[in-house]
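Reading the structure
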Amino acid sequence: MTTTPNWADFQYEIYLNGMTGAVPRLPTDLTRLEELTEQRLGPGPVGYVAGSAGNGSTARANREALERRRIVPRMLRDVHERDLSVEVLGHRLPAPLALAPIGVLSIMHPEGESAAARAAAARGVPYILSSASSTPMEQVAEEMGDGQRWFQLYWAKDRDVTKSFLDRAKASGFTALVVTLDTPLLAWRPRDLDQAYLPFLHGVGTANYFSDPAFRAGLAKPVHEDPNAAVMHFVGMFADPAKTWPDLAFLRENWDGPIVLKGILHPDDARRAADAGMDGVVVSNHGGRQVAGSVAAADALPRVVEAVGDRISVLFDSGVRTGDDVFKALALGAEAVLVGRPYAYGLGLDGQAGVDHVIRCLLAELDLTLALSGHAGPATLTPDDLIEESA
């Protein structure tokens, strides 16, 4: 008997529904969601989610690095009962998947982060709430019930605001802290620049700040009386390019749960994270949104795993679109995978149901890919299950 959901059953559910003439509201090939979103949403929101740094070379490299690696299926292995559950950061998860932190989700759907968080909680998948959420963290936590939730920190210049965020997140039941290191400045993003579109300047994605007592203490007037001043106060503290490794001690002093550093690509940085007492890293280039010409995340992953995989948790994101992408990242040594843009597109197209569709499609395809490749769960995957095609 399996200890986690039989994710592959989703395909039979779809086929059985087809007996009554019903077909899925969204494509089951998740690579098609971006094009649909482009057709249905405005250019500003679509560009903000789909866009990348520079000419998009890093986003393309992320996809190419995953596609270049090919799965080598093995036969005549007992895979009739499968268990996709994994242990990550001290918690048992039903599958090696979490929803990556994406800010300002209200530009995709009015229910924004709340809808995405409810979908994640309903499937037992961790939801990582962005500091730049359109919805205050307390509200998202309440809507998730006992769902697994982690908090992503954009590390503000103002220490009081940072500490207040950490205190609020702890009080709201967020169990892990995911610190994004690769965004001390916004990158050159032509799709946003060409639309002159930055939602923060309109007070979108600032809910955690505008609801924060330490943030509001720095304002001359309440937010509603002078929203422009509040926005400029936010802009002035949002990120801090002066942060260095010794500053991590402040986070450890003010957060007693697991701390994961997101944006690690170099093995030496991974070692420094482990030496600093961090609990994990996310190998990520922010989905290609920060450094044009950056190394692909999947190409960086094996070196990071080799450097620290026996010391701390190594998670992965950037470029994941399908269940076989998740398989490949796990085979390269990741403990779990964060998915980003696909669920944002699902949200934009069909709200909470769209996010649920993305989660179920990804995990059904992963389940089937594992089974058809000779694996009853993620634990048996190794780099030997892949070959790398020459460029």
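Rules of the game
- Residues numbered from 1 in each chain as written.
- Predicted model: local features only at pLDDT ≥ 70, side-chain atom pairs only at ≥ 80, totals over all residues.
- Heavy atoms only, no water.
- Buried < 20%, exposed > 50% of the residue type's maximum accessible area, 1.4 Å probe, protein only.
- Helix = DSSP H or I, 4+ residues; strand = E, 2+ residues; numbered from the N terminus.
- Pairing = 2+ DSSP bridges.
- Right-handed = clockwise from strand over helix to strand, strands pointing away.
- Core = buried A, V, L, I, M, F, W, Y, C linked by side-chain atoms within 4.5 Å.
- Contact = heavy atoms within 4.5 Å.
- Axes fitted to C-alpha atoms, helices over the stretch in contact; angles between N-to-C directions.
- Left-handed = near helix turned anticlockwise from the far one by under 90°.
- Nonpolar A, V, L, I, M, F, W, Y, C, P; charged D, E, K, R; others polar.

Once that is clear, we can look at the pairing of strand β6 (residues 149–153). β6 sits mainly inside the fold: five of its five residues count as buried. Burial of β6 is two-sided: the residues R149, F151 and L153 facing one way and the residues W150 and Q152 facing the other way are all buried. Note: strand β5 (residues 127–129) against β6, three bridges, orientation parallel. Residue Y127 lies in a different strand from β6, and its bridge partner there is R149. Crossover handedness for the path β5 to helix α6 (residues 137–144) to β6: right-handed. Here β6 runs beside strand β7 (residues 176–180); their pairing, made up of four bridges, is parallel. Note on β7: the bridge partner recorded for Q152 is V178.

Right, let's talk about the nonpolar core for a bit. Grouped burial of nonpolar side chains is what soluble globular proteins tend to show. Within the largest apolar cluster, 112 residues are counted, with the highest numbers of intra-cluster contacts made by Y127 and F316. With 14 residues, the top contributor of residues to this core is helix α16 (residues 341–372). Residue contacts for Y127: discarding those within four places in its chain leaves L99, L105, E113, A116, A117, A120, V140, M144, Q148, R149, W150 and Y343. Counting 15 residues, the second largest nonpolar core, distinct from the first, contains V86, L93, A98 and V260.

A separate point is the packing of helix α5 (residues 112–123) against α6. Orientation of α5 relative to α6, taken along the N-to-C sense of each, is 30°, at an axis distance of 9 Å. In this structure, the crossing between α5 and α6 has a hand that is right-handed. Here E113, S114, A117, R118 and A121 of α5 come into contact with α6, specifically with Q139, V140, E143 and M144. Considering only residue class, the contact of α5 with α6 consists of four nonpolar, two polar and three charged.

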